[in-house]
Amino acid sequence: MSCFKLPKALERGSKIAILSPAGYLTNPAFLDHVIPMIKAQGYVPVLSRNCFEKFDNHYAYAGTPAQRLEDLQWACDDPDIDAIWATRGGYGSVQLLDGLKMNAICQRPKWLIGYSDITYLHSLFNRHSIATIHGPNVVRTLSNGVAPPPSSYDKVFDILQGRMPTYSINSHALNKTGKARGRLVGGNQTIVGALSGTRYDFDYEGAILFIEDIGENAYYRIDRQMQTLETAGALAKLKGVIVGSMRDIGGIKSDFDESAYRVISQVLSKYDIPRVFAFPAGHIPDHYPLIMGAEVEIDVQADQSHVRYF
C-alpha cells in the first residue's frame with residue numbers, strides 16, 4: 001500500500017458537506033447543536049440533497065442506496081467541498097462501497113469524519129491511502145440521550161486545522177506495557193469483523209488496531225469477532241491494539257464493559273504486543289477522535305498510556 005495522504009488543513013470559509021450515508025436522521029433538530037459549532041470555526045456547513053430522506057426497506061435508511069450514493073459522490077467530487085461529515089451511523093454505508101468512484105478524492109483528498117457504521121467508509125478511504133477521522137458524528141445526542149461535550153468536537157476541529165493529537169490516559173489492569181508504532185486501522189468491531197476477508201478489508205501488516213462496540217448483547221459475539229480476526233491471520237500481523245469503549249455488551253450498563261475487555265484480552269494473550277484498554281473513543285459522550293490510516297505510536301506504561309501522531 002502506498003504512503004497515506006493527510007488531507008490539507010481547512011481554512012476559514014472552507015465548506016463541510018453534511019450527509020447521511022447510513023441510517024435515517026429521525027430528527028433534523030439533532031444537528032442544531034453542532035452546525036453552530038462548525039460555523040463558529042469559520043467553516044460553511046453544506047447539507048446534501050438527500051440528507052433528511054427516509055427509505056424503509058427492512059431498515060430505516062436515509063434514502064435509497066442511489067440517493068445516499070449520490071450525496072457521497074457529490075461530496076467526494078465537488079471541488080468546493082473540503083471535508084465530509086456524517087450525520088450518524090446506524091446501518092447502510094456498506095451498500096455504497098462498490099458504487100463510489102474515488103478518482104476525484106484520490107487526486108484531492110478530503111477529511112471524512114464519523115464513526116460506528118462509517119467504519120465501512122473509513123476502510124474504503126484507507127484502502128485508497130486517504131487518512132480519515134474516527135470521531136463524533138454530527139448528531140450530538142447519543143442513543144442514551146447524553147450529548148457529547150463540546151470538547152469532543154473541539155478535538156475534531158484541531159485535526160481539521162492541521163494539529164495532530166496527543167492523548168494520555170490512566171492505565172488499565174488489562175493493559176500490556178510496551179511501545180509500538182504503525183498505521184492505525186479499524187473502528188467499530190462488528191464492522192471490522194464483517195469486512196474480514198473482503199476486498200475492503202484493512203491492511204493489518206505492521207498496524208495498530210483500534211476497536212470499539214455497542215449493544216452486542218452477548219459476550220460471545222465479541223469473542224466471535226476476535227476469533228474471526230484470529231483465524232484470518234490479522235492479529236498475528238499487528239504491532240499493537242487500542243480498545244475503546246465497549247458499551248451495553250452483555251446487559252451491563254457501562255461505557256467500559258470489563259467483561260468484554262476480558263474476552264478481548266484472552267484472545268490477545270498469545271501475542272507479545274502492547275495493548276491499551278478503555279481508551280475514550282466510541283459510543284460514549286467524551287469521544288476522542290483518532291486519525292485512521294495515519295502513523296501512530298502507543299506508549300503503554302505502568303501508570304499511563306500515551307497515543308501520539310507524527
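These remarks concern the structure in this document. Please read these numbers as outputs of a predicted model, since none were measured by experiment.

The rules behind each value
- Residues numbered from 1 in each chain as written.
- Predicted model: local features only at pLDDT ≥ 70, side-chain atom pairs only at ≥ 80, totals over all residues.
- Heavy atoms only, no water.
- Helix = DSSP H or I, 4+ residues; strand = E, 2+ residues; numbered from the N terminus.
- Rg over C-alpha atoms; globule rule 2.2 N^0.38 Å.
- Buried < 20%, exposed > 50% of the residue type's maximum accessible area, 1.4 Å probe, protein only.
- Phe/Tyr/Trp six-rings, centres within 6.5 Å; stacked < 30°, edge-to-face > 60°.
- Lys NZ or Arg CZ within 6 Å of the ring centre and 35° of its normal.
- Pairing = 2+ DSSP bridges.
- Axes fitted to C-alpha atoms, helices over the stretch in contact; angles between N-to-C directions.
- Contact = heavy atoms within 4.5 Å.
- Arc of directions from axis to C-beta.
- 1 Å grid on protein atoms, 1.4 Å probe; cavity = no way out; pocket = protein on both sides within 12 Å on 5 of 7 lines; lining within 4 Å.
- Points joined across faces, edges and corners; volume = space filled by probe spheres on them.
- Nonpolar A, V, L, I, M, F, W, Y, C, P; charged D, E, K, R; others polar.
- Core = buried A, V, L, I, M, F, W, Y, C linked by side-chain atoms within 4.5 Å.
- Right-handed = clockwise from strand over helix to strand, strands pointing away.

**Details of the overall build of the chain**
Each helix and strand counted, the chain has eight helices and 15 strands in total. For 310 residues, the compact-globule estimate of 2.2 N^0.38 gives 19 Å, and the chain sits close to it at 18 Å. Taking the principal axes of the C-alpha coordinates as reference, the chain spans close to 50 × 40 × 35 Å. Across the 310 residues that make up the chain, the buried fraction comes to 57%.

**Remarks on the packing of aromatic side chains**
The geometry of an aromatic ring pair is captured by two quantities: the separation of the ring centres and the angle between the planes. Going through the model one piece at a time under the given rule, you end up with twelve aromatic pairs. Plain terms: the ring middles of Trp85 and Phe157 are 5.9 Å apart, the flat faces sit at 75° to each other, and that makes the pair edge-to-face. Note that Trp85 is positioned in strand 5 (residues 81–86) and Phe157 in helix 5 (residues 150–160), a separation of 72 residues in sequence. Its relative accessible area of 0% is what places Trp85 among the buried residues. Here the aromatic rings of Tyr167 and Phe279 are separated by 5.7 Å at their centres, their planes lie at 65°, and the arrangement is edge-to-face. Of this pair, Tyr167 sits in strand 8 (residues 166–170) while Phe279 sits in the loop between strand 12 (275–276) and strand 13 (290–292), placing them 112 residues apart in sequence. Across the ring face of Phe310, the terminal group of Arg181 is positioned such that the distance to the ring centre comes to 3.8 Å.

**Overview of the sheet that holds strand 9 (residues 178–188)**
Reading across the sheet, the seven strands line up as 8-15-14-9-10-11-12 and stay open at both edges, with mixed pairing between neighbours. Strand pairing shows two members of the sheet lacking a second neighbour, strand 8 and strand 12, which therefore form its edges. Of the pairings in the sheet, the one linking strand 8 to strand 15 (residues 304–309) comprises five bridges and is antiparallel in character. Bridge assignment links Tyr167 to a residue of strand 15, and that residue is Val307.

**Section: the sheet that holds strand 5**
What the six strands build is an open sheet, ordered 2-1-5-6-7-13; its pairing is mixed. With one partner strand each, in any of the chains shown, strand 2 (44–47) and strand 13 form the two edges of the open sheet. When strand polarity is set aside, the average angle formed by the axes of neighbouring strands in this sheet is 25°. Summarising the sheet, strand 6 (residues 111–114) and strand 7 (residues 132–134) pair through two bridges and their orientation is parallel. Opposite Ile113, over in strand 7, you have Ile133 as the bridge partner. Together, strand 6, strand 7 and strand 13 form the strand contacts of helix 4 (residues 119–127), whose direction differs from that of strand 7 by roughly 155°.

**Considering helix 5**
Buried residues of helix 5: Ser152, Tyr153, Val156, Phe157, Ile159 and Leu160, and no others. Viewed end-on, helix 5 has its buried residues packed into an arc of 155°, placing them on one side of the element. Elements in contact with the buried residues of helix 5: strand 1 (15–19), helix 1 (34–40), strand 5, strand 6, strand 7 and strand 13. Gly162, located one to two residues past helix 5, shows a positive phi value of around 95°.

**A look at the layout of surface pockets**
Estimated volume of the largest pocket: approximately 640 Å³. Taken together, 34 residues form the lining of the largest pocket, with Arg88, Gly89, Gly90, Ser116 and His283 sitting closest to its centre. Looking at the lining of the largest pocket, the elements that each hand over two or more residues are helix 6 (189–195) and strand 10 (208–214). Residue classes in the lining of the largest pocket are distributed as 15 nonpolar, 14 polar and five charged.

**A short note on the nonpolar core**
Phe125, Tyr204, Leu235, Met246 and Ile264 are the most contacted members of the largest nonpolar core, which totals 50 residues. It is helix 8 (residues 258–268) that provides the largest number of residues to this core, a total of six residues. Ile264 has contacts with Ile211, Ile222, Met226, Val243, Met246 and Phe277, leaving out every residue within four places of it along the chain. Of all hydrophobic cores here, the second largest spans 44 residues; its members include Leu25, Trp85, Leu160 and Ile242.

**Concerning the side chain of Ser196**
The residue Ser196 is located in the loop between helix 6 and strand 10 in this model. Classification of Ser196 as buried rests on a relative accessible area of 18%. The contacts of Ser196, once residues within four sequence positions are left out, are Asp201, Thr228 and Ala232.

**A few points about empty space enclosed by the protein**
Overall, the coordinates contain two cavities of 30 Å³ or more when judged by the stated rule. The computed volume of the second largest cavity comes to approximately 30 Å³. Taken together, the residues that form the lining of the second largest cavity break down as three nonpolar, no polar and four charged.

**Details of the pairing of strand 1**
Each regular strand carries side chains that alternate between the two faces of the sheet. With four of five residues buried, strand 1 is to be regarded as a mostly interior element. Both strand 1 and strand 2 contribute to a ladder of four bridges, which runs parallel. The residue of strand 2 that forms the bridge with Ile16 is Pro45. Between the parallel elements strand 1 and strand 2, the chain passes through helix 1 in a crossover that is right-handed. Inspection of the sheet shows strand 1 paired to strand 5 by five bridges, in the parallel sense. For Ala17, the partnering residue across the bridge sits in strand 5 and is Ile84.

Everything listed here is a matter of coordinates, which is why it stays silent on function.
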